[in-house]
Amino acid sequence: MMLSGLHVVELAGPFSQTCVRILAALGARVTRADALPALTDVDVLVASESVPVLQARRLSLAALRETHPGLITATISPFGSEGPHAHYRGAELVCAAMSGVLRLSGDADRPPVKEALDACVFHASAAAAAGIMLAYWERTRSGQGQHVDIAIQEVATSRLTNALLLWQFDRRKLERASDQLRYGRASVRCLWQLQDGYAFHTLMSGRMGAEANQALVAWMDELQMDHPLRDVDWLAYDRSALTAETRAQWESALAGFFRARTQQEIAIEGRRRGINAAVVQEPAAVLSDPQLAARGFFRTEQRAGRSVQVPHEFLHVQLAAAPAREASKRATLTPPSAAGALSHVKVLDLSWALVGSLTTKALADHGACVIKVESAQRPCLTRVDVQVSHSTRGNLDDKPWYAHLNTSKLSLQLDLKHPDARTLLDPLIAWADVIVENFSPGTLDKLGLGYHALHQRRPDLIMISASAYGQTGPLAHSWGVDGTSAALSSRTFLTGWPDRGPSLPGAVPYADAVVPQVLIATLLAALVAREQTGRGSYCDVSMYELSVLQMERALLAAQLGPTPARSGNLDTSVWHQGVYPTRGVERWIAITLDSRIDYSCLTALTGVHLPDLDESRAPEQLAAFDQALSEFTREQDDYALMHQLQMAGIAAGVVQDVEDLLDRDPTLRARPAWAKLDHAALGPFEHQTTPHHLMRTPSQPGPAPRLGQHNRWVCKDLLQLDDEAYAQLERSGVFR
């Protein structure tokens, strides 16, 4: 195992489970303790509290590191260890509210509704694993430990890239709509009712969606449906440019098509035809999914005296055979000097869109030299999609989405299909420590760039592949995006109100943001293992599998009872919680009561009669309580009430929007969650920093590159091509 020499101690708490599970899957030895153990052989100490809270318990992490200078400490807490909210209480609902994620989820005519189970906590815990591995890799160079500070609020906020950019450039705010994704200028419906359930489907723009969109039209034609999609030029289709009137006509036709289909038709015939659709599965269906079975995802364990299936194999790592002596020699080409935890780590970035870009953004911001290979022949969607008024069609350098996702990187414009491309790729492959890609399985194999081909030349190469379903199994080559992972994993099914259909679990990507955390932890573990053994590795990570991992509690309930169902903002693990109106338009506050003590405190604090909540938790009892509390909160200022409740020890948080996050949240500003960078085409604007706060070696982001900005540096300075060789490559058209 890659981390067989790493000993992690987890101080028992509610937020660290996913973190230590990832580290254990990578080979670390994990010990769970209720009190501080002897630290003589401990490398990492993880706690589910902020530093001030630990200090109140007379546990000083700084003092521990003084005694054990190589110790890495990590805290996962609602609002981090510094700033005015460091002592504030909160868990899933309150952190979702304060992060801005909650505001974008649910029906417009009801309070915002949280995503299924513990989405924000799961994401933050995965980010902690990545942060710990950043610190651990840096320790292999310096010998020094440091503190890793993870704030659940900030990690969840890192998903709001689109909302952040829309507000900065156009002063527009995304609003929640349960069945739609908001792409800035467009609101695209993605949930459709079937005869016997629901499906996720979206018409993708341009080349990404043309084939699937045409397959859907052909199916509708075979059914002799009257519809307006027949003569659309799908290669030219732009989801952001479609008029509202045309979209309404299209969506009416699509609603009629899906209403007449069954889950089986979508799952079998729809998949055979290659349409971009997935069934919204219940947890019980996930347990029998053939894709998960083929990849050995579940294993059988005994729980409550019964045999149950639990997630197990969610990381697929293939260690290379021990390299021959000559193969282990590293290329002598070196990147520019850089500061940070990953100084002098060399990454060849063959990725695109969100998952790969977010992964390599974090690596570059923490000091790695990342060369992003891209082409105007097949530009990344984030260089094409026009979402703000500052951007134009045809200009590949003025998209703030791309600029945000690709900070600190170098851009090499290269047509991978050009016969001269290997003149540059081959020495870059010899140069790189790591190759990151997230194309559809098999894409790089067709170009002779798949892992098995490269491994023959570089047994010590580390390659990371991220995809919708993984590189193997019956769905490996099927279409998939963040929304399909949510649909198939039951995340969508369990998000929403019990008396209504499901809601999209957030109007912002989820698996797209979680997978990079796991990729970062995995590739750094692979680097550590290569330092010790000389062996490279291939890492295969699936968006779908990580989404299913987050749903483990629901999967167990499906087997042990009670049957999981949509429950609005309630959670069976929480005494009571809800989202309540406050003074103003679309102003809300999330309140979590962890016990009857909190209930009694709230009753005394409000000075109003709140109906009693007994153990039955009958629906009419909960409704009466929420109604009475709402009558009180709707006359209150949201921030003043939050501070009042928190001072009384009650977990509460304002349901913030993007303006609140940027202009009114002192914790996010102080961490900092934002860095103002001056972009060549867009000017200065706030970029999100990576949410891994390493106290001794913090990230240092720089602006994203223009397309091909570093062609000359890569060719002449790094690869040492002479002027004539470079000019010949230019004439050949390889830089397209």
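What counts, and at which threshold
Each chain carries its own residue numbering, running from 1 in the written order of its sequence. Per-residue local features are limited, in this predicted model, to residues with pLDDT of at least 70; the limit for side-chain atom pairs, both in listing and counting, is 80 or more; totals at the level of whole chains, interfaces and linings are taken over all residues. Neither water nor hydrogens contribute to the side-chain values; these are computed over all heavy atoms in the structure. For the purposes of this section, nonpolar cores are sets of buried Ala, Val, Leu, Ile, Met, Phe, Trp, Tyr and Cys residues that join through side-chain atoms within 4.5 Å. Only protein chains enter the area calculation, which uses a 1.4 Å probe; residues under 20% of their type maximum are buried, those over 50% are exposed, and those in between are partly exposed. Secondary structure elements are defined from DSSP: runs of H or I of at least 4 residues count as helices, runs of E of at least 2 residues count as strands, and each element is numbered from the N terminus. Contacts were defined at the residue level, with two residues in contact if any of their heavy atoms lie within 4.5 Å. Angular values range over 0 to 180 degrees, each being the angle between N-to-C directions of two axes fitted as lines to C-alpha atoms, with helices fitted over their stretch in contact. Every angle not falling under 35 degrees, over 145, or within 65 to 115 is termed oblique; those three ranges are roughly parallel, roughly antiparallel and roughly perpendicular. Crossing handedness is defined as follows: a turn of the near helix away from the far one that is anticlockwise and smaller than a right angle gives a left-handed crossing, while the clockwise case is right-handed. The residue classification treats Ala, Val, Leu, Ile, Met, Phe, Trp, Tyr, Cys and Pro as nonpolar and Asp, Glu, Lys and Arg as charged. All others, Gly included, are polar. Two rings belonging to Phe, Tyr or Trp (six-membered ring only in the last case) form a pair when the distance between their centres is within 6.5 Å. Interplanar angles under 30 degrees mark stacking, angles over 60 mark edge-to-face geometry, and anything in between is tilted. Each patch is built from residues that are more than 30% exposed by relative accessible area and take part in no salt bridge. Like charges join if they lie within 9 Å; nonpolar side chains (Val, Leu, Ile, Met, Phe, Trp, Tyr) join within 5 Å. Note on areas: Shrake-Rupley with a 1.4 Å probe; residue coverage comes only from the protein chains shown. Salt bridge criterion: a side-chain nitrogen from Lys or Arg within 4 Å of a carboxyl oxygen from Asp or Glu. Positive residues here are Lys and Arg, negative ones are Asp and Glu, while His and the chain termini are left out of the count. Lysine's charge is taken at NZ, arginine's at CZ, aspartate's at CG and glutamate's at CD. pLDDT runs from 0 to 100 and stands for how confident the predictor is about each residue. Being paired, for any two strands, means DSSP has found at least two bridges between them.

A. Focus on the nonpolar core. Ranked by size, the top nonpolar core spans 138 residues in total, and within it L3, M133 and L524 carry the most contacts. Top element by residues in this core is helix α5 (residues 119–142). It accounts for 16 residues. Look past the residues within four positions of L524 in its chain and what remains in contact with it is M133, L134, W137 and L342. In terms of nonpolar packing, the next biggest core, distinct from the first, is built from 32 residues, I371, L428, I435 and Y538 among them.

B. Here's a closer look at the packing of α5 against helix α20 (residues 511–533). Contact pair α5 / α20: the axes reach a minimum separation of 8 Å and the direction vectors enclose 25 degrees. Compared by their axis directions, α5 and α20 come out roughly parallel. Judged by the sense of rotation from one axis to the other, the crossing of α5 with α20 is left-handed. Seen from α5, the contacting residues are F122, H123, A126, A127, A129, A130, M133, L134, Y136, W137 and R141; seen from α20, they are A513, V514, Q517, I520, A521, L524, A525, L527, V528 and E531. Across the contact of α5 with α20, the residue classes tally to 17 nonpolar, 2 polar and 2 charged.

C. Molecular detail of the packing of aromatic side chains. Applying the stated rule across the entire model yields 14 aromatic pairs. A centroid spacing of 5.2 Å and a plane angle of 75 degrees characterise the contact between W219 and F257, whose relative ring orientation is edge-to-face. Note that W219 is positioned in helix α8 (residues 206–222) and F257 in helix α9 (residues 244–259), a separation of 38 residues in sequence. Between W234 and Y237, the ring centres sit 5.4 Å apart and the planes meet at 80 degrees, which makes this aromatic pair edge-to-face. Looking at W234, the relative accessible area reads 3%, which means it is buried. Through successive ring pairs, a cluster of aromatic residues spans W192, W219, F257 and F258.

D. Focus on the packing of helix α19 (residues 482–489) against helix α21 (residues 543–550). At a minimum axis separation of 9 Å, α19 and α21 run at an interaxial angle of 45 degrees. With respect to α21, the axis of α19 lies oblique. Crossing hand, α19 versus α21: right-handed. Contacts from D482, S485, L488 and S489 of α19 reach α21 at M543, Y544, S547 and V548. Residue classes in the contact of α19 with α21 are distributed as 4 nonpolar, 3 polar and 1 charged.

E. Inspection of the side chain of S537 at higher detail. Among the structural elements, S537 can be located in strand β19 (residues 537–542). If we ignore the near neighbours within four places in the chain, the residues touching S537 are M2, V317, Q318, L319, A320, Y451, L461, I462, M463 and A526.

F. Up close: a positive patch on the surface. There is a patch of like positive charges on the surface, built from R207, R378, K417 and K446. Structurally, R207 can be placed in helix α8.

G. Representation of the confidence of the model for the protein chain. The share of residues in the protein chain with pLDDT of 70 or more is 97%, and the mean pLDDT across the chain is 92. For the stretch residues 325–334, pLDDT sits under 50, and the model shows 20 contacts to residues farther than four places along the chain or on other chains.

H. Quick peek at unusual backbone geometry. A cis amide bond links G561 with the next residue in sequence, P562, at an omega value of -10 degrees. With omega at -5 degrees, the peptide bond leading from R671 into P672 counts as cis. The topology assignment puts P672 in the loop between α27 (666–670) and β23 (674–679). Unlike most non-glycine residues, L117 shows phi in positive territory, near 55 degrees. Within the fold, L117 resides in the loop between α4 (92–99) and α5. A residue is classified by how much of its surface remains accessible, and L117, at 14% relative accessible area, is buried. Not every positive phi belongs to a glycine, and S408 is a case in point at roughly 70 degrees. Secondary-structure assignment places S408 in the loop between α15 (400–405) and β16 (410–413).

I. Expanded view of the sheet that holds strand β9 (residues 198–201). Here 3 strands make up an open sheet; going across it, the order is β8-β9-β10 and the pairing antiparallel. Lying at the two open borders of the sheet, with one neighbouring strand each, are β8 (191–193) and β10 (277–279). Strand-to-strand twist across the sheet, computed as the mean angle between neighbouring axes with direction ignored, equals 30 degrees. This element, α9, spans β8, β9 and β10 of the sheet and lies at about 50 degrees to β8. Lying over the sheet, α19 contacts β9 and β10, oriented at roughly 20 degrees with respect to β10.

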